[in-house]
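Below, each chain spelled out in residue letters.
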Amino acid sequence: MSVLRRLRVFRRTRLLAVLLTLASCASGAARPPPATQVPPVDDGVDVLGRGDLIEVKVFREPDLDGIFRVGAAGDIDFPLIGRVEVNGKLPEEVAETIRTRLSGDYLKDPQVTVLVREQKSSNVLVFGQVSRSGTFPFRTGMTIIEAITSAGGFAELAAPNRTRVTRVVKGQKQVFEVPAGDIGSGQATNFYLQPGDIIYVPEAIF
């Protein structure tokens with residue numbers, strides 16, 4: 001192969017690589033991470049999140065007892081100590097945080113209990129080109145196919161391989177484009193959901 005021809009092939013190969021990179025960036029969605037990076041929540045774990053309703057009880061301190069809704073920032077405003085981070089924590093962890101911060105300046109060795117009264121964050125929302133859009137209870141180990149099945153499956157005009165999952169991670173919104181069609185046929189790695197995920201199935205473009 002002549003030097004000139006080699007140069008032309010190199011230029012075509014480089015141009016193709018640039019075009020593929022631009023096309024990937026233009027999609028606006030991250031590729032779904034492998035299943036090992038998105039593990040299901042462990043059995044029995046009752047992780048709290050935004051919108052959940054919890055009851056806090058402090059033994060022999062009725063003025064501190066109360067019911068609190070976890071706000072959009074993932075916290076509650078507790079008497080005496082102020083802001084308490086709740087999002088992503090277990091009830092026992094929240095209780096320990098409150099106990100520690102109340103100890104010393106306010107109470108001597110307080111006994112704190114946190115009970116879950118309502119857990120809105122343990123739902124997933126499915127909408128778009130599915131048979132029944134709606135909110136469905138999250139289950140441990142739930143996959144994207146299970147969620148779509150709960151919504152009655154893909155509608156006739158759906159584009160399954162362009163399904164998008166929106167998730168809030170450490171306060172930052174992330175969007176994953178998931179090839180749900182290939183997953184359903186066993187051609188792609190499964191995608192595990194997390195509480196609060198929003199699944200959107202777009203319409204196919206003909």
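The structure this text deals with has already been given above.
The rules behind these values
Residues numbered from 1 in each chain as written. Predicted model: local features only at pLDDT ≥ 70, side-chain atom pairs only at ≥ 80, totals over all residues. Heavy atoms only, no water. Core = buried A, V, L, I, M, F, W, Y, C linked by side-chain atoms within 4.5 Å. Buried < 20%, exposed > 50% of the residue type's maximum accessible area, 1.4 Å probe, protein only. Helix = DSSP H or I, 4+ residues; strand = E, 2+ residues; numbered from the N terminus. Lys, Arg positive; Asp, Glu negative; His and termini not counted. Salt bridge = Lys/Arg side-chain N within 4 Å of Asp/Glu carboxyl O. Polar contact = N/O pair within 3.5 Å; in protein donor to acceptor, adjacent residues only side chain to side chain. Contact = heavy atoms within 4.5 Å. Patch = residues over 30% accessible without salt bridge, like charges linked within 9 Å, V, L, I, M, F, W, Y side chains within 5 Å. Areas by Shrake-Rupley, 256 points an atom, 1.4 Å probe, with all protein chains shown as cover. Pairing = 2+ DSSP bridges. Axes fitted to C-alpha atoms, helices over the stretch in contact; angles between N-to-C directions. Phe/Tyr/Trp six-rings, centres within 6.5 Å; stacked < 30°, edge-to-face > 60°.

(A) Highlighting the nonpolar core. Grouped together as the largest cluster of nonpolar side chains are 20 residues, with contacts concentrated most on V124, I144, F191, L193 and I199. Those elements that place two or more of their residues in this core are β6 (123-128), α3 (144-150), β9 (172-178), α4 (180-184) and β10 (198-201). The element that contributes the greatest number of residues to this core is α3, accounting for three residues. Membership of the second largest hydrophobic core comes to 19 residues, among which are V58, F78, A95 and L107.

(B) Structural detail: the side chain of D52. Looking at the secondary structure, you find D52 in the loop between α1 (3-26) and β1 (53-58). Look at D52: it is buried, it has no salt bridge, and the nearest opposite charge is R69 at 6.4 Å. At 2.7 Å, the side chain of D52 and the backbone nitrogen of G49 are in polar contact. For D52, the contacting residues outside a window of four places in its chain are V47, F68, R69, V70, E118, Q119, K120 and S121.

(C) Up close: a nonpolar patch on the surface. A cluster of nonpolar side chains, namely F127, I198 and Y200, defines an oily patch on the protein surface of about 230 Å² accessible area. Tracing the chain through its elements places Y200 in strand β10. Classification of Y200 by relative accessible area gives partly exposed; the value is 34%.

(D) Structural view of the environment of T143. The residue T143 is located in the loop between β7 (134-137) and α3 in this model. Exposure remark for T143: the relative accessible area of 8% places this residue in the buried category. The spatial distance from the C-alpha of T143 to the C-alpha of N190 is 7.0 Å, given a sequence separation of 47 residues. Apart from residues lying up to four places away in sequence, T143 is in contact with N190, F191, Y192 and L193.

(E) Molecular detail of the sheet that holds β7. With respect to topology, five strands assemble into an open sheet ordered β7-β6-β10-β8-β9, the strand pairing being mixed. Looking at the sheet topology across the chains shown, the edges are occupied by β7 and β9. The average angle at which neighbouring strand axes cross in this sheet is 25°, direction not considered. In this sheet, β10 lies alongside β6 in parallel orientation, the contact comprising four bridges. When the bridges of β10 are listed, G128 appears paired with V201.

(F) Up close: the sheet that holds β1. The three strands are arranged β2-β1-β5 in an open sheet whose pairing can be described as antiparallel. The open sheet is flanked by β2 (66-69) and β5 (112-118), the only strands paired with a single partner. Each neighbouring strand pair of the sheet contributes to a mean axis angle of 30°, computed without reference to strand direction. Where β1 and β5 come together, six bridges link them in antiparallel fashion. The residue of β5 that forms the bridge with V58 is V112. Sheet strands in contact with helix α2 (residues 91-102) are β1 and β5, and its direction is about 140° off that of β5.

(G) Quick peek at the environment of A204. Along the chain, A204 turns up in the segment after β10. Here the alpha-carbon distance between A204 and R162, two residues 42 residues apart in the chain, equals 8.7 Å. The residues touching A204, leaving out its near neighbours within four places in the chain, are L157, A158, A159 and R162.

(H) Main features of the packing of aromatic side chains. Enumeration according to the criterion identifies three aromatic pairs in this entry. Seen from their ring centres, F68 and F78 are 5.4 Å apart, and the 40° between their planes marks the pair as tilted. Linking F68 in strand β2 with F78 in strand β3 (residues 75-78), this pair joins segments that are ten residues apart in sequence. Overall, the relative accessible area of 12% leaves F68 in the buried class. Aromatic pair F176 and F191: ring centres 5.9 Å apart, planes at 55°, arrangement tilted. With F176 in strand β9 and F191 in the loop between α4 and β10, this pair connects stretches of sequence that are 15 residues apart.

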